[in-house]
Amino acid sequence: MKARLDKILADSGLGTRSSVRNLIKSGKIKVNDVTQKDPGRKVDTDKDRITYGGEDISYSEMVYYMLNKPAGVITATEDKNQKTVLDLITDKKRRDLFPVGRLDKDTVGLLLITNDGALSHRLLAPGKHVAKKYLVRVDGIITEEVSSAICSGVDIGDDKPTAPAELDTIKQIEDTDAVIYEAVIKITEGRYHQIKRMFEAFGLNVIYLKRLSMGSLTLDPDLKEGEWRYLTDEEIKKI
Ligand code: URA
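Residues numbered from 1 in each chain as written. Predicted model: local features only at pLDDT ≥ 70, side-chain atom pairs only at ≥ 80, totals over all residues. Heavy atoms only, no water.

Q: Tell me what's going on with the site of the ligand, and back it up with residues and numbers.
A: For the ligand, the full set of nearby residues is Leu103, Asp104, Thr107, Tyr134, His193, Gln194, Ile195, Lys196 and Leu209. Taking Gln194, its main chain carries an N or O atom lying 3.4 Å from an oxygen atom of the ligand. Contact with the protein chains covers 95% of the free accessible surface of the ligand, which is 240 Å². A molecule is said to occupy a pocket when more than half its atoms come within 2 Å of that pocket's grid points, and by this definition the ligand occupies the largest pocket. Looking at the shell around the ligand, the element that brings in the most residues is helix H5 (residues 194-200), giving 3 residues. When its residues are assigned to classes, the shell around the ligand shows 4 nonpolar, 3 polar and 2 charged. (Near = heavy atom within 4 Å. Polar contact = N/O pair within 3.5 Å; in protein donor to acceptor, adjacent residues only side chain to side chain. Areas by Shrake-Rupley, 256 points an atom, 1.4 Å probe, with all protein chains shown as cover. 1 Å grid on protein atoms, 1.4 Å probe; cavity = no way out; pocket = protein on both sides within 12 Å on 5 of 7 lines; lining within 4 Å. Sits in = over half its atoms within 2 Å of the grid points. Helix = DSSP H or I, 4+ residues; strand = E, 2+ residues; numbered from the N terminus. Nonpolar A, V, L, I, M, F, W, Y, C, P; charged D, E, K, R; others polar.)

Shown next as C-alpha cells:
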C-alpha cells in the first residue's frame, strides 16, 4: 500500500499525526536507511523499510487481536475514569482500533479487537445471525421450563421476543451456600444485556458470564483474563 509517511507512522501507533510530523522534520525517521524529512513523502509499505531510532516500524493495514476480557474493564476505546479494553492491548499497531461488539463490564471472555470495519459489520449486522456462545451461571435452578422457554424465545420487554437460543450442558455447581446452575448458551442476536435479561425474565440473576466463541472464533484456552494475542492467519481467513 502506498501512503504518506506521516499517515503510515500515525496509523502504526507511533503518535498523533502532528507529533509524527515533528519527528520526521527533526530527522528522526529513515526510509530505506536515508533520513526523510518530508512528511508528505509517499512510501510503499510493501517495499520500503521505515525506521525510527534504528527500530523497524511495522505497518499492517488490518490488525486483529483476541482478548480475554477481564471483569471490571469497559468495552470502549477510551474513557477518562475507567480502564478500557483498548488499554489492555499493550502492543497497539494502529490508532484506529475498536472492539467488535460489546461485553458488559462484569462479563469476561472473548473479545475481538480490530480496525477492520467491514469485518465488524459482517459479524454484528442483525441479519447475519452470527452465533455467540457463553458460559453462564445463575443463582437458582435452570428448570426444564426455563430451558425450553429460552430455546423458543423470551419476552424481555423489547418489540419482539428473543430469537430461539440453544442451551447445553446444564448442571448444578457445587456450592454449600447457594443453588447455582451453569449452562452454555448460544444466541444469534446482540441485544443490550441480552443474556442477563433472558434469565431475569424467570427470576434468575446471572452471577457469571463468559463469552466462549463468536462465529468461527473460539477463545484460546491459554489466554488468561486480561491477556491478548494476535489472531492467526487461519482464524482471520475463517472469520
Ligand atoms: N449478554 C449480556 O447480558 N451481557 C453481555 O455482556 C453479553 C451478552
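Still more to cover.
Q: For the layout of surface pockets, give the residues involved together with the corresponding values.
A: A probe as big as a water molecule, rolled over the atoms, marks out the empty space that is left. Space inside the largest pocket adds up to approximately 580 Å³. For the largest pocket, the lining is made up of 30 residues, of which Lys132, Glu189, Gly190, Arg191 and Gln194 are closest to its centre. Residues belonging to the lining of the largest pocket are distributed by class as follows: 14 nonpolar, 7 polar and 9 charged. (Points joined across faces, edges and corners; volume = space filled by probe spheres on them.)

Q: Can you lay out helix H3 (residues 117-124) for me, pointing to particular residues and giving the numbers?
A: Within H3 the residues assigned to the buried category are Leu119, Ser120 and Leu123. Buried residues along H3 cover an arc of 100° about the axis, so they all sit on one side. Contacts from the buried residues of H3 go to strand S7 (64-69), strand S8 (98-99), strand S9 (108-114) and strand S13 (206-214). Structurally, the start of H3 carries an N-cap: the backbone nitrogen of Ala118 is 3.3 Å from a side-chain oxygen of Asp116. (Buried < 20%, exposed > 50% of the residue type's maximum accessible area, 1.4 Å probe, protein only. Arc of directions from axis to C-beta. Contact = heavy atoms within 4.5 Å.)

Q: Can you lay out the sheet that holds strand S5 (residues 50-52) for me, pointing to particular residues and giving the numbers?
A: Pairing within the open sheet is antiparallel, and its 4 strands lie in the order S3-S2-S5-S6. One side of each edge strand has no neighbouring strand; the edge strands of this open sheet are strand S3 (34-35) and strand S6 (55-56). Strand direction decides the pairing type here: strand S2 (residues 29-31) and S3, joined by 2 bridges, are antiparallel. Bridge pairing in S3 places Val31 opposite Val34. (Pairing = 2+ DSSP bridges.)

Q: Outline the side chain of Asp44, supporting the account with residue identities and numerical values.
A: Its location among the elements puts Asp44 in strand S4 (residues 42-44). Exposure remark for Asp44: the relative accessible area of 11% places this residue in the buried category. In this structure the side chain of Asp44 is engaged in a polar contact, spanning 2.9 Å, whose partner is the backbone nitrogen of Asp46. Each residue touching Asp44, except ones within four places of it in the same chain, is listed here: Met1 and Lys2.

Q: Quick rundown of unusual backbone geometry? Include the residues and the values.
A: Positive phi, close to 50°, is recorded for Asn32, a residue that is not glycine. The residue Asn32 is located in the loop between S2 and S3 in this model.

Q: So what's going on with the pattern of salt bridges? Residues and values would help.
A: Applying the stated criterion across every chain, the model contains 20 salt bridges. With a closest N to O distance of 2.7 Å, Asp106 and Lys196 form a salt bridge. Taken together, the residues Asp106 in the loop between S8 and S9 and Lys196 in helix H5 connect sequence positions 90 residues apart. Salt bridges linked by common partners bring Arg4, Asp6, Arg17 and Arg21 together as one network. (Salt bridge = Lys/Arg side-chain N within 4 Å of Asp/Glu carboxyl O.)

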